[in-house]
Amino acid sequence: MSKYTLFWFRRDLRLHDNAGLYRALRNHSNVLPIFIFDKNILDKLDDKKDRRVEFIHQTITDLDIQLKALGSGLLVKYGTPETVFPELLSNYDIEAVYTNHDFESYAIERDNMVHEYLQSEGIDFRTFKDHVIFEKNEVLSGSKTPYTVFTPYSRKWKETLNDFYVKSYPTEKYFSNFSKINLPNPPSLESMGFQPVGMNFPVKEVKDLLVKNYAEKRDFPAILGTSRLSVHLRFGTVSIRELVRKAQNLSETWLNELIWRDFYFNVVYHFPHICQGHSFRKEYDLIQWRNNQQEFEAWCKGQTGYPIVDAGMRELNATGFMHNRVRMIVASFLTKHLLIDWRWGEAYFAKKLLDFDFAANNGGWQWASGSGCDAAPYFRVFNPTLQTQKFDKQLEYTKRWVPELNSLDYPQPIVNHEIARKRVLEVYKNALQK
Ligand SMILES: Cc1cc2nc3c(=O)[nH]c(=O)nc-3n(C[C@H](O)[C@H](O)[C@H](O)COP(=O)(O)OP(=O)(O)OC[C@H]3O[C@@H](n4cnc5c(N)ncnc54)[C@H](O)[C@@H]3O)c2cc1C
């Protein structure tokens, strides 16, 4: 029997069109796929009914079934990478470990640690670009510096794109190179201290018609006008290359959204200070936030007395999803109307969003607060009433989540729009003039 090559799944939970898996299968004849339920991450989750863990568990179970049908299987471990790898090395004769890039700060630390360990054991650790179209220095300005503004970034992104970057990796050609092995089923959610919520997750297909109509429909939260693919993009159950090909054929506007996603990964990679809790524009760290705990709780619970804000927060709490237009409204409301630090909102979203992704979430929050690259100017304060008139005129979305809207049970606004607008402009001006 030849030595084993491990393929380590992380945010790329699919067999088809997977860059690192393709390289492992093409170069080696005994490829054992592994997945680690990482205690370093799971132990930090307070909610034992975390929808993300359930999503991953369902996906892993499905991957294992697909692999068993190929005469192989998925080796699933529950532990920390620093203990799992030594254990794997003592049980299997391993020549190389393949995986795909992940640029979040914990992931970088983890991969450096694993790399060092494997190197000390004489084992190759090979990593590949998979979850974005362009990474690292592939899209730089003419002066070879990273872009901090979306429009020129997206222009260069489009100029750089050619068929090569969106071609699928035909992993299926080499499926016979998966190890022939008998493995136990993955551990249950319960055995890892979690429980299922039992919700239906968004489907991973998007209809051509939806993408064609995206530009006209994407801003209306009452209708299904966006793809709902964000959780699949987060965990790699869909391939970004396939989606970009679809967007190229059907909708420039939707393509731009996929480019925003690459853009925010590019920002995280080039400006790591944002991963340490700093504003992208450092002067914004001087803002004197009010950080009123009671108002924060009212925002979290959807009890601010601003119906569109409350609808969004209740949708988030109930489903783990919130429409992009409403994310912008609730984020602006928290930072501008309530003058609560965007990091509080960022952390709350990180706990609740099914599609939580550090790069897009941080980017969205810093955009809303004005502190980010290519952010909304600080003096732009969304008016929730006008936003509702524009994007939920019939209150269809709002009433879905705030059914008691016109009754005495619904709270009075916790803040007056005009007073809050003047207050935030004053506070921001003071901080930014220093
Ligand atoms: C405050 C705030 C926080 C956010 N947090 C996240 C987050 O944690 N994870 C996340 O995936 N998105 C986040 N977004 C971006 C956006 O709201 C979601 O990607 C989108 O609502 C997901 O719905 P969809 O899949 O139907 O998107 P579609 O509109 O169909 O777009 C397709 C895909 O493009 C990407 N995309 C779209 N808009 C953006 C954007 N503005 N920035 C980056 N990528 C984008 C997503 O991967 C999305 O699935 C945030 C936005 C804001 C304003």
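With an unreviewed UniProt entry as reference, the protein is termed Deoxyribodipyrimidine photo-lyase, source organism Flectobacillus longus. A UniProt comment under Sequence similarities (unreviewed entry) is attached to the protein, and it reads "Belongs to the DNA photolyase family."

**Looking at the overall build of the protein**
Per the secondary structure count, the protein includes 20 helices and five strands. Taking 22 Å as the expected radius of gyration for a compact globule of 434 residues, we find that the protein reaches 23 Å, a close match to that expectation. Taking the principal axes of its C-alpha atoms as reference, the protein extends roughly 75 × 50 × 45 Å. Residues classed as buried in the protein amount to 39% of the 434 residues present.

**Some points on the nonpolar core**
Among the nonpolar cores identified, the biggest contains 37 residues, and Leu6, Phe7 and Ile34 are the most heavily contacted of them. For this core, the secondary structure elements donating two or more residues are β1 (4-9), α1 (19-27), β2 (31-38), α3 (51-69), β3 (75-79), α4 (81-91), β4 (94-100) and α10 (230-235). The element contributing the most residues to this core is β2, with six residues. Built from parts of two domains, this core gets at least three residues from each of domain 1 (1-130) and domain 3 (276-432). Setting aside anything within four residues of it in sequence, one finds Phe7 in contact with Gly20, Leu21, Ala24, Val31, Pro33 and Tyr98. Core analysis: the second largest hydrophobic core is formed by 32 residues, Tyr284, Trp367, Val402 and Tyr428 among them.

**Focus: the site of the ligand**
Of all residues adjacent to the ligand, which total 28 residues, the nearest are Thr226, Ser227, Ser230, Asn361 and Gly364. Counting residues per element, the shell around the ligand draws most heavily on helix α17 (residues 358-369), at six residues. Looking at the shell around the ligand residue by residue, the class counts come to 13 nonpolar, seven polar and eight charged. There are two domains that each give the shell around the ligand at least three residues, and those are domain 2 (132-168 + 207-270) and domain 3 (276-432).

**Considering the pairing of β1**
Burial analysis of β1 places six of its six residues in the buried class, which makes it a mostly covered element. Here β1 shows a buried face lined by Tyr4, Leu6 and Trp8 and a second buried face lined by Thr5, Phe7 and Phe9. As defined by bridge partners, β1 adjoins β4 across five bridges and the pair is classed as parallel. Its bridge partner lying in β4, Leu6 is registered against Val97. Sheet topology note: the β1/β2 ladder contains five bridges and is parallel. If you follow Phe7 over to β2, its bridge partner there is Pro33.

**Digging into helix α16 (residues 342-352)**
Note that an α-helix has 3.6 residues per turn; residues three or four places apart therefore point the same way. If you check which residues of α16 are buried, you get Trp342, Gly345, Glu346, Phe349 and Lys352. Along the axis of α16, the buried residues cluster in a sector spanning 135 degrees; they form a single face. Here the buried face of α16 lies against α14 (307-319), α15 (324-337) and α17.

**As for the confidence of the model for the protein**
Put simply, the protein has an average pLDDT of 97, and 100% of its residues get 70 or more. Among the scores for the predicted complex, ipTM is 0.99 and pTM is 0.98.

**Points about the pairing of β4**
Taken residue by residue, a regular strand's side chains alternate between the two faces of the sheet. In terms of strand pairing, β4 meets strand β5 (residues 124-128) through five bridges, oriented parallel. When the sheet's bridge partners are listed, Tyr98 is paired in β5 with Arg126. As a crossover connection, the stretch from β4 through helix α5 (residues 105-120) into β5 is right-handed.

**Considering the sheet that holds β1**
The sheet built from five strands is open, its strands ordered β3-β2-β1-β4-β5 with parallel pairing. At either margin of the open sheet sits one strand with a lone partner, and together these are β3 and β5. In this sheet, neighbouring strand axes are inclined to one another by 25 degrees on average, regardless of whether the strands run parallel or antiparallel. The pairing of β2 with β3 spans five bridges and is parallel. When the sheet's bridge partners are listed, Phe37 is paired in β3 with Tyr78. The sheet contacts of α5 involve β4 and β5, and relative to β5 the element is tilted by about 145 degrees.

Conventions adopted
- Residues numbered from 1 in each chain as written.
- Predicted model: local features only at pLDDT ≥ 70, side-chain atom pairs only at ≥ 80, totals over all residues.
- UniProt positions renumbered as here; feature names shortened; annotations may be inferred.
- Helix = DSSP H or I, 4+ residues; strand = E, 2+ residues; numbered from the N terminus.
- Rg over C-alpha atoms; globule rule 2.2 N^0.38 Å.
- Buried ≥ 20, exposed ≤ 12 C-beta atoms within 10 Å, placed from the backbone.
- Core = buried A, V, L, I, M, F, W, Y, C linked by C-beta atoms within 7 Å.
- Domains from an automatic or database assignment.
- Contact = placed C-beta atoms within 7 Å.
- Near = placed C-beta within 6 Å.
- Nonpolar A, V, L, I, M, F, W, Y, C, P; charged D, E, K, R; others polar.
- Pairing = 2+ DSSP bridges.
- Arc of directions from axis to C-beta.
- pLDDT = per-residue confidence, 0-100.
- Right-handed = clockwise from strand over helix to strand, strands pointing away.
- Axes fitted to C-alpha atoms, helices over the stretch in contact; angles between N-to-C directions.

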